[in-house]
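Letter by letter, the chains look like this.
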Amino acid sequence: MGKPTEVTVTAESVTVTPRDSSEYSSQCPTPEQQEEPKASKEQERYHIFTHRQKWNLVIIIGIAGLFSGLSSNIYFPAEKQISRDLGVSLSLVSLTITSYLIIQGISPVFWGALADSIGRRPIYIASFAVYIVSNIFLSYSPNYAVLLVFRGLQSAGSASTVSIGNGVIQDITPLAERAGFISFYQAIRNFSIAVGPVLGGALSNDLGFRSIFIFLFAISVVVLVLIVVILPETLRSIAGNGSYRLSGVYQPLIRYCTKEPEYMENHPGWDRPKISIHTFIEPLKLLIEKDIILQLVFGGVIYTIWSMVTATTTGLLQESFKLNELFIGLCFLSNGAGTIIGSAIIGKLMTIDFKSAEQQYKEKNQLPNDYVIPAKNLPMDFSIERARLRHLPWITVLFIVSVGLYGFTVEPSTDLIMKEGWLAVPLLLQFLIAATSNAVFAMNQTMVSDLCPGKGASATAINNLVRCELGALGVGVVQTIIDQFGPSWTFLALGVFTLLCTPIAVVSWIHGARWRVARMERQASS
């Protein structure tokens, strides 16, 4: 057993210095204080599911998570048709996008808090029920008011699937696996960003914009059935590491038809938590933690500018290149491909970085080779910030350059757009913007999840709250700015604005570990 330690965090590194053991009684354990063989064994049994079963589970929640992005992006190519059919201005149609983003940010705080309290499965079922009902009304949409109200309800139902899914991943994966699963989950969800506009353009071009909501209704019913039949409860207070017997709404229907695994055992006792106003306020307390809020704000700025690029694509490409709804939808493929590829690459890089940092930590502290960094008791002298955010600088630079150049490639007044094949240039920049922004989102989400053990859904909900509210603000004003200054100067200014926000990330990189340690010590002593 090593000597108890005190952690001192500097701008350059986290160092460890001795102190008297009597002072340490209320602090979080360091690796030397843990029983190393036991810690290793517990990490091997973090969850009873095999690696393949975990991947299958992530595919299911990824399909469920498709609906948040799909419902938003399938709508973009039909904006002008909606404006014509309902007799309203394009600005009013854009308002339905803004309202969608606002509710997309707020509603997961409600759903996420419930999912962290009473379970993932019942909240999945309830939120899909809301989503299905909203699509029934939207498929009629006799006027603008119905469209505006039920687009908001649709957002309330679909947005929660993202935060609940991240909660599931936190339930079943230790730290070393988490980045890869979160990035893969994000890549599946981002598939909807690639195909959504294509589907929306094809449906609205041939069958009218209301056919979009009929399509969403049909596939959401299929996915709800998939969840009810296959998806088990994973919240660790209910399911443990997957070995506790489930019943009622927590039990997937397929388990009634299959043989129970030998490892299943009765739950030692679970008291259903009481739901009160405190349940929904608790996630908001994460916003006062300095290391967490800086992660959220910087990620929110990147998300906002990416949303501004996406929301203006239809209008800019129609004005500059005279494309119809179907071809506009096809142009969104570059954006969608970027989101998938960016998420997949950064997931691999983060996994490599974490394993390297973990190995260095074991060598520095003379820990056995089978020691695994615990997810719930993250050692205070392990710099998770450096392990997760190593690639943030060059990705941010590429994002800034791509955004700054983008507006000049879609400027209607320039002769460049008349050149054969010029359309490929803004689409390439859209690909880079989407790839780099979604790489930042994956790092951001993984980092926030690591900083909030046991609160996976709530942490993602708070992340969505910051991103979507900033995104709604940006989308709400971007068309007015473009009308006033043109796309060239608008997106150049947005690139400069991102550059001015980079000190947020720098401060988080330098001081994040110290703030995290202070929070851990405060929580341990309370």
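Conventions used here
- Residues numbered from 1 in each chain as written.
- Predicted model: local features only at pLDDT ≥ 70, side-chain atom pairs only at ≥ 80, totals over all residues.
- Heavy atoms only, no water.
- Helix = DSSP H or I, 4+ residues; strand = E, 2+ residues; numbered from the N terminus.
- Buried < 20%, exposed > 50% of the residue type's maximum accessible area, 1.4 Å probe, protein only.
- Axes fitted to C-alpha atoms, helices over the stretch in contact; angles between N-to-C directions.
- Parallel < 35°, antiparallel > 145°, perpendicular 65-115°, else oblique.
- Left-handed = near helix turned anticlockwise from the far one by under 90°.
- Contact = heavy atoms within 4.5 Å.
- Nonpolar A, V, L, I, M, F, W, Y, C, P; charged D, E, K, R; others polar.
- Salt bridge = Lys/Arg side-chain N within 4 Å of Asp/Glu carboxyl O.
- Patch = residues over 30% accessible without salt bridge, like charges linked within 9 Å, V, L, I, M, F, W, Y side chains within 5 Å.
- Areas by Shrake-Rupley, 256 points an atom, 1.4 Å probe, with all protein chains shown as cover.
- Expected span 1.5 Å × (residues − 1).
- Bend = angle between axes of the 7 residues up to and from the residue.
- Polar contact = N/O pair within 3.5 Å; in protein donor to acceptor, adjacent residues only side chain to side chain.
- Core = buried A, V, L, I, M, F, W, Y, C linked by side-chain atoms within 4.5 Å.
- Phe/Tyr/Trp six-rings, centres within 6.5 Å; stacked < 30°, edge-to-face > 60°.

**Q** I'm lost on the side chain of Thr 446 in this one. Help?
**A** Here Thr 446 lies in helix H16 (residues 424–451). Using a relative accessible area of 0% as the deciding quantity, one classes Thr 446 as buried.

**Q** How should the packing of helix H11 (residues 290–311) against H16 be read in this particular structure?
**A** Two quantities define a packed helix pair, namely the angle between the axes and the distance from one axis to the other. Between H11 and H16, the shortest axis-to-axis distance is 10 Å and the interhelical angle comes to 155 degrees. Taken together, the axes of H11 and H16 are roughly antiparallel relative to one another. Both H11 and H16 take part in a crossing whose hand is left-handed. Seen from H11, the contacting residues are Asp 291, Ile 292, Gln 295, Leu 296, Gly 299, Ile 302, Tyr 303, Trp 306 and Val 309; seen from H16, they are Gln 430, Ile 433, Ala 434, Ser 437, Asn 438, Val 440, Phe 441, Asn 444, Met 447, Val 448 and Leu 451. Of the residues belonging to the contact of H11 with H16, the class tally is 13 nonpolar, 6 polar and 1 charged.

**Q** Honestly, the pattern of salt bridges in this entry has me stumped. Any pointers?
**A** Where charged atoms of side chains with opposite charge meet at close range, the side chains can pair. All chains considered together, the criterion is met by 7 salt bridges. The salt bridge involving Arg 522 is made with Glu 289; its shortest N-O contact spans 2.8 Å. Placement of Arg 522 in helix H17 (residues 456–525) and of Glu 289 in the loop between helix H10 (277–281) and H11 is noted, with a sequence separation of 233 residues between them. Look at Glu 289 and you get buried, because its relative accessible area is 15%. Of the charged contacts, one joins Glu 385 and Arg 516 as a salt bridge, the two residues approaching to 2.8 Å between their closest N and O atoms. Taken together, the residues span a long stretch of sequence, with Glu 385 in helix H14 (residues 384–388) and Arg 516 in helix H17 at a distance of 131 residues. The same class applies to Glu 385 as to Arg 516, namely buried.

**Q** Help me out: how do you make sense of a nonpolar patch on the surface in this one?
**A** Taken together, Val 133, Ile 136, Phe 137, Tyr 140, Leu 153, Phe 217, Val 221 and Val 225 make up a surface patch of nonpolar side chains, about 680 Å² in accessible area. If you list the elements that add at least two residues to the nonpolar patch, you get helix H5 (120–138) and helix H8 (210–230). Structurally, Phe 137 is set in helix H5.

**Q** Even after reading the chapter, I still don't get unusual backbone geometry, so can you show me in this structure?
**A** The phi torsion of most residues other than glycine is negative, and most of the peptide bonds are trans. Here the phi dihedral of Ser 141 falls at roughly 35 degrees; this positive angle occurs in a residue that is not glycine. Examined against the element boundaries, Ser 141 turns out to sit in the loop between H5 and helix H6 (144–172). When its relative accessible area of 0% is taken as the criterion, Ser 141 is described as buried. In this model, Gln 366 sits at a positive phi of 55 degrees, which is unusual for a non-glycine residue. Tracing the backbone shows Gln 366 in the loop between helix H13 (325–364) and H14. On the basis of relative accessibility, which here comes to 72%, the residue Gln 366 falls in the exposed class.

**Q** Teacher, can you tell me more about the environment of Val 297 here?
**A** With respect to the secondary-structure elements, Val 297 resides in helix H11. Along the backbone, Val 297 and Ile 504 are 207 residues apart, and their C-alpha atoms lie at a distance of 8.0 Å. Apart from residues lying up to four places away in sequence, Val 297 is in contact with Val 466, Leu 470 and Ile 504.

**Q** Which parts of the structure should I look at to understand helix H7 (residues 175–207)?
**A** Given 3.6 residues per helical turn, the α-helix brings residues three or four places apart onto the same face. For H7, with 33 residues, the first-to-last C-alpha span of 47 Å sits near the 48 Å given by 1.5 Å per residue. The principal kink in H7, of about 40 degrees, is found at Val 195, preceding the proline Pro 197 by one to four residues. Positive backbone phi, at 95 degrees, marks Gly 208, one or two positions downstream of H7.

**Q** Would you explain the side chain of Thr 161 in this entry?
**A** Note on placement: Thr 161 falls in helix H6. Judged by its relative accessible area of 1%, Thr 161 is buried. Reaching out from Thr 161, the side chain makes a polar contact with the backbone oxygen of Ala 64 at a distance of 3.5 Å. A polar contact is formed between the side chain of Thr 161 and the backbone oxygen of Ser 158, at a distance of 2.6 Å.

**Q** Any chance you could explain the nonpolar core here in plain terms?
**A** Soluble globular proteins tend to bury their nonpolar side chains together. The biggest cluster of nonpolar side chains holds 128 residues, and the ones touching the most others in it are Tyr 124 and Phe 382. It is H17 that provides the largest number of residues to this core, a total of 14 residues. Those residues in contact with Tyr 124 that sit more than four places away from it in its chain are Ile 61, Ala 64, Thr 161, Ile 164, Gly 165, Val 168, Ile 227 and Leu 231.

**Q** Looking at this structure, how should I read the packing of aromatic side chains?
**A** Both the distance between ring centres and the angle between the ring planes are used here to describe each pair of aromatic rings. Counted under the stated rule, the structure contains 14 aromatic pairs. Between Phe 128 and Tyr 131, the ring centres sit 6.5 Å apart and the planes meet at 70 degrees, which makes this aromatic pair edge-to-face. Here Phe 128 and its partner Tyr 131 are both found in helix H5, 3 residues apart, which amounts to about one turn of the helix. Seen in terms of ring centroids, Phe 408 and Trp 489 are 6.5 Å apart; in terms of plane orientation they differ by 65 degrees. Their pairing is edge-to-face. Of the two residues, Phe 408 sits in helix H15 (residues 392–409) while Trp 489 sits in helix H17, which places them 81 residues apart along the sequence. By the ring-pair criterion, three or more aromatic residues cluster together here, those being Trp 55, Phe 181 and Phe 184.

**Q** Please clarify how the packing of H7 against H16 should be interpreted in this entry.
**A** Across the interface, H7 lies against H16 with an axial gap of 10 Å and an inter-helix angle of 135 degrees. By the angle between their directions, the pair H7 and H16 is classed as oblique. Here H7 and H16 pass one another in a crossing that is right-handed. In contact with Leu 175, Arg 178, Ala 179, Ile 182, Ser 183, Gln 186 and Asn 190 of H7, H16 contributes Asn 438, Phe 441, Ala 442, Gln 445, Thr 446, Ser 449 and Asp 450. Within the contact of H7 with H16, the residues separate by chemical class into 5 nonpolar, 7 polar and 2 charged.

**Q** Help me understand the environment of Ile 433 in this model?
**A** Of note, Ile 433 is situated in helix H16. According to the relative accessible area criterion, Ile 433 is buried, its value standing at 0%. If we ignore the near neighbours within four places in the chain, the residues touching Ile 433 are Trp 306, Val 309, Phe 399, Ser 402, Val 403 and Tyr 406.

Honestly, that's just the spatial picture; any functional story needs more than this.
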